[in-house]
Amino acid sequence: MQGRLELFGVARWQAESGSATLPDNLPGYLVAYLAYRGDWVGRESLVDLFWPDRQEAEALHNLRSNLHRVRRLLAHWSLTQCLETEPRRMRLGLPTDVAAFRAAIGRGDWAAAAAMQREPLLSALSYKGFPVLEEWAQMERSALGNVWRDAALKAATQQETAGQSGPACDTLLRLVRGSEPAEDAVQALLRVAGDAGRGEEALQQYERWRGALREAAGAEPAPRTVALADALRDPARRAAVLATARAAVLRGVSHPPRLVGRDAETALIVDPRVGVVVIAGEPGVGKTRLLEEALPSAWFVACREELGQAPFGAIAELIEDQRDSLPDPGPARRDLGRLVPSLVGGERLPPVNVAEAKPRLLAAIARLFEARAAPLVFDDLQWADASTLELVVFMARRATLPLRLAYRSNELHPELESALDAVDAAAPVEHLRMAPLSAAQLTELLAAVSQAEAGPPLFSAWLHRRTGGNPFFALQTLRSLFESGQLAARQGGWASALDEITADYSELRIPARVEELVRRRVQAAPESARRVLAAVAVVGDARAIARIAAVAGLSTWACAEAIDALQGAGLLRDLRFVHDLVRQSVYEATPQALRVVLHASVAREFAGSLRDENIAEHWWQAGEPAEAIAATVAASRTQRHAGLHDAARAAVARGLARAATSAQKAQLLALEARIRFEQGDVEGAEHSAHRALGEAAAPRDRAGAYMAIASVRMQQGRLGEAEAALANAAASDADYEGLCLERASIAMLQDRAADAIPELESRCALLRREAPGAELIQVLTSLGAVFDAQGDVARGLALHEEAYRLAVKLDARYAQVEVAVNLVWSLAGLGRNDDACAIAEEALGLGEYDSTPTLRNNLVWSLRELGRIEEAISVCERLAGDADPSLALIASARLIDMRSRQGDPELADRIDAMLQAMAHTDVYAAHATAAKMALIHGNDAQAARVLAYLQPKGLDPWLYDELSRALAARGHDPLAHLGPPPAPH
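Presented here is an overview of the structure given in this document.

How each quantity is defined
- Residues numbered from 1 in each chain as written.
- Predicted model: local features only at pLDDT ≥ 70, side-chain atom pairs only at ≥ 80, totals over all residues.
- Heavy atoms only, no water.
- Axes fitted to C-alpha atoms, helices over the stretch in contact; angles between N-to-C directions.
- Helix = DSSP H or I, 4+ residues; strand = E, 2+ residues; numbered from the N terminus.
- Parallel < 35°, antiparallel > 145°, perpendicular 65-115°, else oblique.
- Left-handed = near helix turned anticlockwise from the far one by under 90°.
- Contact = heavy atoms within 4.5 Å.
- Pairing = 2+ DSSP bridges.
- Buried < 20%, exposed > 50% of the residue type's maximum accessible area, 1.4 Å probe, protein only.
- Polar contact = N/O pair within 3.5 Å; in protein donor to acceptor, adjacent residues only side chain to side chain.
- Phe/Tyr/Trp six-rings, centres within 6.5 Å; stacked < 30°, edge-to-face > 60°.

Some remarks on the packing of helix α8 (residues 183-196) against helix α10 (residues 223-233)
(1) Moving on: At a minimum axis separation of 9 Å, α8 and α10 run at an interaxial angle of 20 degrees. With respect to their mutual orientation, α8 and α10 come out roughly parallel. The interaxial crossing formed by α8 with α10 has left-handed handedness. On the side of α8, the interface is formed by E183, V186, Q187, L190, R191, A193 and G194, while α10 contributes R224, T225, L228, A229 and L232.

Description of the pairing of strand β3 (residues 18-21)
(1) Moving on: Across four bridges, the pairing between strand β2 (residues 12-15) and β3 is antiparallel. Bridge pairing in β3 places Q14 opposite S19.
(2) Moving on: Once β2 ends, the chain turns through two residues before running back antiparallel as β3.

With respect to the environment of H618
(1) Moving on: With respect to the helices, strands and loops of the structure, H618 is situated in helix α28 (residues 612-621).
(2) Moving on: A relative accessible area of 7% places H618 in the buried class.
(3) Moving on: When near neighbours in sequence (up to four residues on either side) are disregarded, H618 contacts V538, H599, V602, A603 and L610.
(4) Moving on: Of the polar contacts made by the side chain of H618, one reaches the side chain of H599; its length is 2.9 Å.

Thoughts on the sheet that holds strand β5 (residues 83-85)
(1) Moving on: With respect to topology, three strands assemble into an open sheet ordered β4-β6-β5, the strand pairing being antiparallel. Each of the sheet's edge strands pairs with one partner strand only, and the pair in question is β4 (41-42) and β5.
(2) Moving on: Two strands pair when backbone bridges link them, and β5 and strand β6 (residues 89-92) are joined in this way by three bridges, in the antiparallel orientation. Its bridge partner lying in β6, T85 is registered against M90.
(3) Moving on: The strands touched by helix α1 (residues 26-37) are β4, β5 and β6; relative to β6, the strand with the most contacts, the crossing angle is about 85 degrees.
(4) Moving on: Where helix α3 (residues 56-76) meets the sheet, its contacts fall on β5 and β6, and the angle it forms with β5 comes to roughly 155 degrees.

Notes on the pairing of β2
Successive residues of a regular strand alternate their side chains across the two faces of the sheet.
(1) Moving on: Where burial is concerned, the two faces of β2 differ: the one with W13 and A15 is buried and the one with R12 and Q14 is not.
(2) Moving on: Sheet analysis places strand β1 (residues 4-6) next to β2, joined by three bridges and oriented antiparallel. Its bridge partner being in β2, E6 is matched across the sheet by R12.
(3) Moving on: If you look at the hairpin formed by β1 and β2, you'll find five residues sitting between the two strands, and G9 has a positive phi there, around 80 degrees.

Here we look at the packing of aromatic side chains
The geometry of an aromatic ring pair is captured by two quantities: the separation of the ring centres and the angle between the planes.
(1) Moving on: In the structure shown here, the tally under the stated rule is 12 aromatic pairs.
(2) Moving on: With 5.3 Å between their ring centres and 85 degrees between their planes, Y36 and W136 make a pair best called edge-to-face. Note that Y36 is positioned in helix α1 and W136 in helix α6 (residues 131-161), a separation of 100 residues in sequence. With respect to class, Y36 is no different from W136; both count as buried.
(3) Moving on: Considering the side-chain rings of F50 and W51, the 5.6 Å spacing of their centres and the 40 degrees angle between planes classify their relative orientation as tilted. This pair shows no difference in class: F50 is buried, exactly as W51 is.

A short note on the sheet that holds strand β11 (residues 429-433)
(1) Moving on: One open sheet holds the five strands; their spatial order is β8-β9-β10-β7-β11, and the pairing between them is parallel. Looking at which strands have only one partner, the edges of the open sheet turn out to be β8 (299-302) and β11. Strand-to-strand twist in this sheet, taken as the mean axis angle between neighbours without regard to direction, amounts to 15 degrees.
(2) Moving on: Each of β7 (276-281), β10 (403-408) and β11 is contacted by helix α12 (residues 263-270), which is oriented at about 155 degrees to β11, the strand it contacts most.

What is shown is where atoms sit, not what they do.
Here's what the structure looks like:
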């Protein structure tokens, strides 16, 4: 094949015989997308990309029709054979410039990569009418642009190093003209432009970039950038400035090779007979190093200040970091998945039982730790959130693992003190107070670090006086002395210019506090490294290099080099601060105005990466309350999904204390009302809802407040008042999520099922026009249940089937089980019992959910109808031991019916047990089912006992008929006990 499909810029087929532009229509979009992918693409994924809002059959028809148009288009270029199609997938095998660009990146050919991508990806296609496809193209365009910018900067640096100033300048000019460049690209251009004879062009681009920087951030270029620009205007200064710009280096002192002076502490910590050890000490005294060295195989939960707003923040980080090496959590996976969603992939988890969720999550975390029988360490407990402190006490009570707890003795607060008291009450505890190193121990440390046979006693004495024996302060002091040239490495150890003339080294001048010392060392770093370090201090660690680069305004490459230099300087280790004292000192030294900018930038760049609780705190620090409240609302949704309602309440309370407007307070109060209701605090929920309505609430928040009031009234059985509250909610926001479902529930409770149909149908039509979600599943199956209740089972079945397919597509397994309950019932009602059994067995294979027992109950009917009696008996026996007394009673009744046909000699005893169980439930359908079996199979006394349970209430027609016949057979008048029969469907 001679030719290539150009996808950068105007998409066209380019061959020796000529070129042809790709049309700006659907066939053109399909060719562009398939060629860009280059591999097999599933038909379902194409349907979701091009026609996400269409029914599956219609969307697949559209795809088939347009594939014919694609083949005609390819035929014009004699490329029909390049399109391969199979029943479920297809691919278009055409060479493309994007593939060539990727290949150049893969082999590290930066110059070749930089020469490509003259224009953005597919920039001439409009994607009119295909918003999802347009979003895909924008994302890919941005990603390719970022890769190209990095490649261009790397290519220019290679060319500069090789003395190729002209090509380097060409590459850099193209880079800085194409977008708002990172500052390191501007610096590189200013370095090479003079030798390339392109100084005026470079200065023009510098001034353009400088103006944009002022306008966007109110900032000025770094001093080094200004110096390079000035030097380009003044050739006499140029050589000296360039030499300085290319020679900045960070120096450091190596990490101590072994732990010094902690033998007794180590012996206590590793002793398996000691269940709990609590370690307290000042910052920098060596608590973390001791625990890391003594317990290298331990579970290590590192609490961090920036995680303090997130419940179980350090636990979630640990699980995420070690996800690939974790023990299999087994059945606890879904509980843990509420905390770390990646553990359950794309599966949507069901709403929680608030009373059970927190205990289940605590138990799930404990079982995960216990699956690998290693000691459990909680470090820096002074920063632990309330949920993590609760876990600490929980683990102490279980006493299944050696527990080691460390905290800063100067930061003991009431919540931590209370938790430690609870640990003391739960288990025997050894308390260890970590003291600073003695003068002799510090001398030993110096010998270890300097790799000398012995430490210098005079210098060690001075260092001990200066640092108080704090190991971290001592090491930072040594680094500072090396970097200032006051210490030097010589054969046999370290030496100072003062060694031969000092009495006590008092001439050495260093800051009196470790924080000041760290700040002085940071100021000695290159400007780009300081910029990265400030960003990392706000984020907390340096793992997300690309995002930190965006925050710092540097290229990813330059950011990675700065991080590597900072690690070499001993400020970072393993992409984290070597000690939190470094992070704190860097953060505190950052000007307040710059902190505000950095927090806002972190909130934007790390959205979707950091937890919403942390994003909210960044927005608060950035002075953006509206954004902070939006993140708080998102965080509360996640927290409530995990059953962490106390944490959600606390986040809302923090937001209320910082809200800037009445409308913002109303938004938070409406949310608080919902959280309180879910916690069972009915009075508090109503109070918060009325407070929200007393503020200048937006329509959506007014609707939320009224919804909370309606939920309270429904729980109180005051259906009329609940209906009035829902009417107020609808008047405020007719599309509020869950509104129509609540109104349908009231209609069903008031025996007005038909009244719910119009609103459910309207809501269903609206939701079908949006991205499908859990609410659409609920509305579909609720509408189906209403039709079932009206006797239109066939119409209900279609809706249940649609809801079931959607639940499968969204991997919402709990919803799949919930819908299967209705679907199995509808199929059985239509006599399709084989299909009902197949659906039930498929859904039961998904695991245990709240609706699983009800699904088993419905399955029994179909099994009996198919003559699979032994299977039906097995399912009923399981249900008879279920915690739900209504389902257990129905199962017992069915067992009596099936056992009677087998001549069960214990039948009378089984009926007596069933009669006793009738008192444990108020559900009339269960009473009626049990009564029927007692009337049919019981003796006269047993039959007489059930008459008191029979009432003229609504029953399904088939159950009414069977119960009527059983009463008549015993000589009783059905009308007297059951009332008139239900209207025929």
